Amino acid sequence: MPPKLSFHPPLLNSASPWATTEAHLRALLLCPSTGAVTTRTSLLDGFPHDPERHRYAFFDPATGAPVPGTFSGPPEDSNTNVVADANAQQQPLATLNTLGYSPLPLSQYLAIISSLAPAAASPSASAPPKTFIISVTGSPAEIPTCHGLISAFSSSCPFPLAMEINLSCPNIANLPPPAYSSSSLMSYLDALPSETPIPVGIKIPPYTHAGQFDTLVSSLLGSESEWAPASASAPASKLSFITATNTLGSCLLLDSPNSSSGYQETLPGEGIGGMAGPPLHPLALGNVAALRRRFDADPRLRHLDIIGVGGVYNGEGYRRMRRVGASAVGIATALGRQGVQVFASLEKDINSAW
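Computed from a prediction, not measured in an experiment: that's the story for all the values here. (Residues numbered from 1 in each chain as written. Predicted model: local features only at pLDDT ≥ 70, side-chain atom pairs only at ≥ 80, totals over all residues. Heavy atoms only, no water.)

Chemist: Can you break down a nonpolar patch on the surface residue by residue, with the values?
Modeler: On the surface, a nonpolar cluster with roughly 390 Å² of combined accessible area is contributed by Leu252, Leu254, Tyr263 and Ile272. The residue Leu254 is located in strand β10 (residues 254-258) in this model. (Patch = residues over 30% accessible without salt bridge, like charges linked within 9 Å, V, L, I, M, F, W, Y side chains within 5 Å. Areas by Shrake-Rupley, 256 points an atom, 1.4 Å probe, with all protein chains shown as cover. Salt bridge = Lys/Arg side-chain N within 4 Å of Asp/Glu carboxyl O. Helix = DSSP H or I, 4+ residues; strand = E, 2+ residues; numbered from the N terminus.)

Below you can see the structure in the form of structure tokens.
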């Protein structure tokens, strides 16, 4: 049985632009209403971030109207860029992004986490130390290297560590999310070691029909591998958790028309990217519910925890996610909208009834 991912309270950020820098991670660590901290997804050598191409925008989920301005990530992103009125911040906004992964390499995140050790020992820090979920991606051949670096670091790190493998970004040219393809997904699962000192999970994209859930489950059980002996352990035995879901790809925002040129794409290029926030919430709930039912139906999958992500910004959203089977709830868009105070606000909504 793989190590269990366990932390309290069961509330955290998910990998996002607002978990990129040391300042971001420090604020999340010191927030008393989070039980874990997730880093932005990193590669071994960093992602070639282009601020002209890789941007995000907020929009009104009721009207589809973009909020003026787009942002490329830190240091450009700021709550003051969106709205200065604290009362207005309570109104939910959604996001669309054409971002890739973090420009910081994995090694830099390990160094940042190490540098945060004094913060964990401060009187204001929670005890026991919070878990850091280090989100990574890359080719199947690179994932064992990421795992080796994180596992080795865990022996001297003051924080419990876990590794999340992001197989779900919709914005990488010529590389569709691997978790949509059985062969791609199996190549990542096959690359993982059979035993690990840290919890390992995968982050999946939104699934929209039963066949996609079937593909995931069959891959986790190894039933796609005809050569595998009946006695072989299911690939799911290498995993501790699933993060569901990432953004929904192939979405588009258009600015209001003007007299000269009509509608214009809000984001650069074709303007097509991944959507997150309240419009994604019903789909994310459906994904978590469907996964939990399928996992509970098979003893080889029952151990898998689910981190539910998608459109949660208040206590009601948190309760819904927990109701359908999420072991913990992650927040991204509302973090970018409200800052770390969103976690305290949510805890107040539920009267700390985790």
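Chemist: Which residues make up the sheet that holds strand β9 (residues 248-252), and what values go with them?
Modeler: One open sheet accounts for four strands, arranged β3-β4-β12-β9; its pairing is antiparallel. Here the strands that pair on one side only, and so sit at the sheet edges, are β3 (56-59) and β9. Strand-to-strand twist across the sheet, computed as the mean angle between neighbouring axes with direction ignored, equals 40 degrees. As judged from the four bridges shared by β3 and strand β4 (residues 94-97), these two strands associate in the antiparallel manner. Bridge pairing in β4 links Ala57 to Leu96. (Pairing = 2+ DSSP bridges. Axes fitted to C-alpha atoms, helices over the stretch in contact; angles between N-to-C directions.)

Chemist: Before we move on, could you go through the pattern of salt bridges and cite the residues and values that matter?
Modeler: Inspection of the entire model under this criterion finds seven salt bridges. A salt bridge links Glu22 to Arg26, with the shortest nitrogen-to-oxygen separation between them at 3.1 Å. Placement of both Glu22 and Arg26 in helix α1 (residues 22-30) is noted, with a separation of four residues, approximately one turn of the helix. Here Arg292 and Asp296 are joined by a salt bridge, their closest N and O atoms 3.0 Å apart. Placement of both Arg292 and Asp296 in helix α8 (residues 281-296) is noted, with a separation of four residues, approximately one turn of the helix.

Just distances and angles here, no functional claims.
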